[in-house]
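Architecture at a glance
The chain contents come next:
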Amino acid sequence: MVSKETIKTWTEAGVGVIQLDRPKVLNALNRKMVTEILETMEAWDRDDDVAVMIVTGGPRVFAAGADIDEMAEDDAISLELLNQFAEWDRLAWVKKPIIAAVNGYCLGGAFELALSCDLIVAAENAQFGFPEINLGVMPGAGGTVRLTKLMGRAKALEWLWTGDYMTAEFAKANGVVNRTVAPELVFEEAMKLAQKIAKQAPLSVRMIKEAVNKSVDHSVYEAMQFERKNFYMLFASEDQKEGMRAFVEKRKPQFKGK
């Protein structure tokens, strides 16, 4: 395990784990934490020994939101010059799967972090929300966009305008959360899912993520052309040959990411 200023990291069985580590402020996300998260993810994205990543806040809370103390004295010009959300944009360039393992509160900037991940495994008692409206502001790291794409315009507006918290079950029913489990099983369930994905052909996993992301932002025709290109490209890989040969020979494939 490696302890940094705001996070702890470790790897096991092909899975890289980032644990938010500011317990005194309920893991509130400050700029340093976002930078450490992104630097770690980008390093693992280049590491052949890491196939999947998990982000967790630990057994009690994912994160209570952004660090308001850090932003309280900011103004429009300082924020523009700082361009802090450029850090968040780097998440979209991470090619490997990212799973958020959520216990307890997942609010504001923390909810944006979870929505930026590819999958969310949540505790049955987890709570999600965007309380920014109560502070006279709004989400700024993709919250309004990602929630709307998942839930639709009317539902997203209700949660963004009221600042209310949604339950994990509601979030699951509306396509925000993938799985809900007992609080003590969240990390175990996320790890189980991560290790299952980690055993798949790495190039296929990567190209599926690219194609799915493309489908969110482009027309059906454009997304299908991209999907087709990735499908063809995989036939140039050693893993495609191994996968189909293993199927014919009735054995498990040994993928190498080549």
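As shown above, the structure is provided for reference.
Overview of the structure. Here the residue index of a chain counts from 1 through its sequence in written order. It should be noted that, the model being predicted, local features are given only for residues of pLDDT at least 70 and side-chain atom pairs only at 80 or more, the latter also being counted only at that level, while totals for whole chains, interfaces and linings use all residues. Side-chain figures throughout are based on the complete set of non-hydrogen atoms in the structure, without hydrogens or water.

**Observations concerning the packing of aromatic side chains**
- The pairing test for Phe, Tyr and Trp rings, Trp by its six-membered ring, is centres within 6.5 Å, and the orientation test on the planes gives stacked under 30 degrees, edge-to-face over 60, and tilted for anything in between. Scanning all chains against the criterion turns up 7 aromatic pairs.
- Charge-over-ring contacts are defined here by two conditions on Lys NZ or Arg CZ: a distance within 6 Å of the ring centre and an angle within 35 degrees of the ring normal. The ring of phenylalanine 226 is capped by lysine 214, whose NZ or CZ atom sits 4.6 Å from the centre of that ring.
- If you follow lysine 229 out to its NZ or CZ, it ends over the ring of phenylalanine 226, 4.7 Å from the centre.

**Some details on a nonpolar patch on the surface**
- Put simply, a patch holds well-exposed residues, over 30% relative accessible area, that have no salt bridge, with like charges counted together within 9 Å and Val, Leu, Ile, Met, Phe, Trp or Tyr side chains within 5 Å. Accessibility throughout is a Shrake-Rupley quantity obtained with a 1.4 Å probe, and a residue counts as covered only by protein chains that appear here. When a carboxyl oxygen of Asp or Glu is within 4 Å of a side-chain nitrogen of Lys or Arg, the pair counts as a salt bridge. A surface patch of nonpolar side chains, about 450 Å² in accessible area, is lined by Phe231, Tyr232, Phe235 and Met244.
- The helix and strand labels rest on DSSP assignments: H or I over at least four residues marks a helix, E over at least two residues marks a strand, and numbering proceeds from the N terminus. If you trace the backbone, phenylalanine 231 turns up in helix H11 (residues 220-234).

**A word on helix H10 (residues 202-217)**
- The end-to-end C-alpha distance of H10, which contains 16 residues, comes to 24 Å, matching closely the 22 Å that a straight helix rising 1.5 Å per residue would cover.
- For each residue, the accessible area found with a 1.4 Å probe, counting protein chains only, is set against the maximum for its type, and the residue is called buried under 20%, exposed over 50%, and partly exposed in between. Turning to H10, its buried residues are Val205, Met207, Lys209 and Ala211.
- The elements touched by buried residues of H10 are strand E5 (98-102), helix H9 (186-198) and H11. Given a helix with a known number of residues, its expected span is that number minus one, times 1.5 Å. We call two residues in contact whenever any of their non-hydrogen atoms come within 4.5 Å of each other.

**Quick word on the layout of surface pockets**
- Buriedness of a pocket was judged along seven lines, with at least five required to meet protein on both sides within 12 Å; pockets are open sets of points on a 1 Å grid over the protein atoms alone, cavities are sets where a 1.4 Å probe fits but cannot get out, and lining residues have an atom within 4 Å of a point. Grid points are joined across faces, edges and corners, and a volume is the space filled by probe spheres set on the points. For the largest pocket, the calculated volume is near 1,300 Å³.
- Taken together, 36 residues form the lining of the largest pocket, with Asp118, Lys209, Val212, Asn213 and Val216 sitting closest to its centre.
- Here the element with the most residues in the lining of the largest pocket is H10; it accounts for 10 residues.
- A per-class count over the lining of the largest pocket returns 20 nonpolar, 7 polar and 9 charged. Following the grouping adopted for this structure description, the nonpolar residues are Ala, Val, Leu, Ile, Met, Phe, Trp, Tyr, Cys and Pro, the charged ones are Asp, Glu, Lys and Arg, and the polar ones are all others, Gly among them.

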